[in-house]
Amino acid sequence: RGLFHHISKLDGGVRFLVRLRADLLEAQALKLVEGPHVREMNGVLKGMLSEWFSSGFLNLERVTWHSPCEVLQKISESEAVHPVKNWMDMKRRVGPYRRCYFFSHCATPEEPLVVLHVALTGEISSNIQAIVKECPPSETEERSEISAAIFYSISLTQPGLQGVELGTVLVKRVLKELQKEFPHLGTFSSLSPIPGFTKWLLGLLSSQAKEHGRNELFTDSECQEISEITGGPINETLKAFLSSSEWVKSEKLVQALQAPLMRLCAWYLYGEKHRGFALNPVANFHLQNGAVMWRINWMADESLKGIASSCGLMANYRYYPGETAANSTSYLCSKNIKASEQVLSLVAQFQKNSKL
């Protein structure tokens, strides 16, 4: 710890330690280095970086098309959720009806650490392509058309700061910033990916197929309908279909899978746990922040990445400013997930129709 403290005082020392931790995390992930000493070193670094990057040292900066070119370039390159295709795409994401904010450290101004993209819309969005592909309705914002703020992407630009609570603080600060800019704005929500859902579902189908073709995920009528479309036993054929993105080209299959996949996804988000908290990392992040699991959206992300990681499903986690602190405490202390009627109804359908 003493050595790290000494390094931090040198010119560029903190930046060096952030990179050192990024290398350490990568080496751990690849199992190149292991053992208690490595874990201890990671813990010490994480603790020190959490102190140095606490909210008092962070500056909130808004990005516009007139921001320095290097800042726009870094934000474009670091976009991890919905990749930026070109400069016109980037221009849209910082233009009318859009907001982009980042935290920088007081020692490194204009160096993005974590970035949050927001869409200003008329209602809570249920489709990401409408946000990242469609042009805004006009070049000048009509404040009367804005009644919702949608957080649609949050990206950490420095892997070495993983686990340091930057994203949570950024969401809270941006929410307050938007309330200042738009006092009439009362609706705040995310439109979030559901990474890991497809992988989880394929694992279930595999284990069911191994157990002599047992089916406990679908109703009898769903099994019959899906088998007729896929032309074989449901577990095996569905596994093959869902492993490729081609299944979305079959309107019949998309229609047949909507009801079962919606309830399976609701269970994955609400019912699957890790140490009592939501297994899905995105769900866990928003629930820790005090959001409500508000809506699951069918065919909300039809990009190849969206189909591959979550069968095209996305979730809205809604932020009620007056309730976030109580919801966050309830989740962190009692592991209670606050969810809407839509989500709870889907969970009930899962419990009725599936026998996991």
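Here, the structure is the one placed above.
Residues numbered from 1 in each chain as written. Predicted model: local features only at pLDDT ≥ 70, side-chain atom pairs only at ≥ 80, totals over all residues. Heavy atoms only, no water.

Participant: Which residues make up the sheet that holds strand β5 (residues 187–190), and what values do they have?
Facilitator: Hydrogen bonds between backbone atoms are what pair the strands of a sheet, whose relative direction is either parallel or antiparallel. If you trace the seven strands from one edge of the open sheet to the other, you get β1-β2-β3-β4-β5-β9-β8, paired in mixed fashion. In this open sheet, the two strands that pair with only one neighbour each are β1 (58–63) and β8 (292–297). When the angles between neighbouring strand axes are averaged without regard to direction, this sheet yields 30 degrees. As defined by bridge partners, β1 adjoins strand β2 (residues 98–105) across six bridges and the pair is classed as antiparallel. Note on β2: the bridge partner recorded for leucine 60 is phenylalanine 103. Those strands touched by helix α12 (residues 281–288) are β4 (148–156), β5, β8 and β9 (314–319), and its axis lies near 10 degrees from that of β9. (Pairing = 2+ DSSP bridges. Helix = DSSP H or I, 4+ residues; strand = E, 2+ residues; numbered from the N terminus. Axes fitted to C-alpha atoms, helices over the stretch in contact; angles between N-to-C directions. Contact = heavy atoms within 4.5 Å.)

Participant: Mind laying out unusual backbone geometry, listing which residues take part and the relevant values?
Facilitator: In this structure, arginine 275 takes a positive phi of about 55 degrees despite not being glycine. Note that arginine 275 resides in the loop between β6 (273–274) and β7 (277–278). A positive phi angle, near 60 degrees, is found at lysine 335, a position not held by glycine. Residue position: lysine 335 is located in the loop between α14 (324–334) and α15 (341–353).

Participant: Explain the packing of aromatic side chains residue by residue, including any values.
Facilitator: Under the definition given, this model contains seven aromatic pairs. On the basis of an interplanar angle of 75 degrees and a centroid distance of 5.9 Å, the ring pair of phenylalanine 151 and tyrosine 319 is categorised as edge-to-face. A residue pair is termed long-range when its members are at least 10 positions apart, and phenylalanine 151 in strand β4 and tyrosine 319 in strand β9 qualify at 168 residues. For the pair formed by phenylalanine 151 and tyrosine 319, the shared burial category is buried. Centre to centre, the rings of tryptophan 267 and phenylalanine 350 are 4.8 Å apart; their planes meet at 10 degrees, and the pair counts as stacked. Taken together, the positions of tryptophan 267 in helix α11 (residues 251–270) and phenylalanine 350 in helix α15 put the pair 83 residues apart, joining distant regions of the chain. Of the two residues examined, tryptophan 267 and phenylalanine 350, each falls in the buried class. Members of the aromatic cluster, connected to one another through ring pairs, are Phe197, Trp200 and Tyr268. Positioned above the aromatic ring of tryptophan 294, the side-chain terminus of arginine 318 is 5.1 Å from the ring centre. (Phe/Tyr/Trp six-rings, centres within 6.5 Å; stacked < 30°, edge-to-face > 60°. Buried < 20%, exposed > 50% of the residue type's maximum accessible area, 1.4 Å probe, protein only. Lys NZ or Arg CZ within 6 Å of the ring centre and 35° of its normal.)

Participant: Please provide a residue-by-residue account of the pattern of salt bridges, values included.
Facilitator: In this structure the tally under the stated criterion is nine salt bridges. Measuring nitrogen to oxygen at the nearest pair gives 3.1 Å for the salt bridge that ties aspartate 89 to arginine 93. Separated by four residues within a single helix, aspartate 89 and arginine 93 lie in helix α5 (residues 87–93), roughly one turn from each other. The same class applies to aspartate 89 and to arginine 93, which are both buried. For lysine 249, the salt bridge goes to glutamate 246, with nearest N and O atoms at 3.1 Å. One network of salt bridges, in which partners are shared, links Asp89, Arg92 and Arg93. (Salt bridge = Lys/Arg side-chain N within 4 Å of Asp/Glu carboxyl O.)

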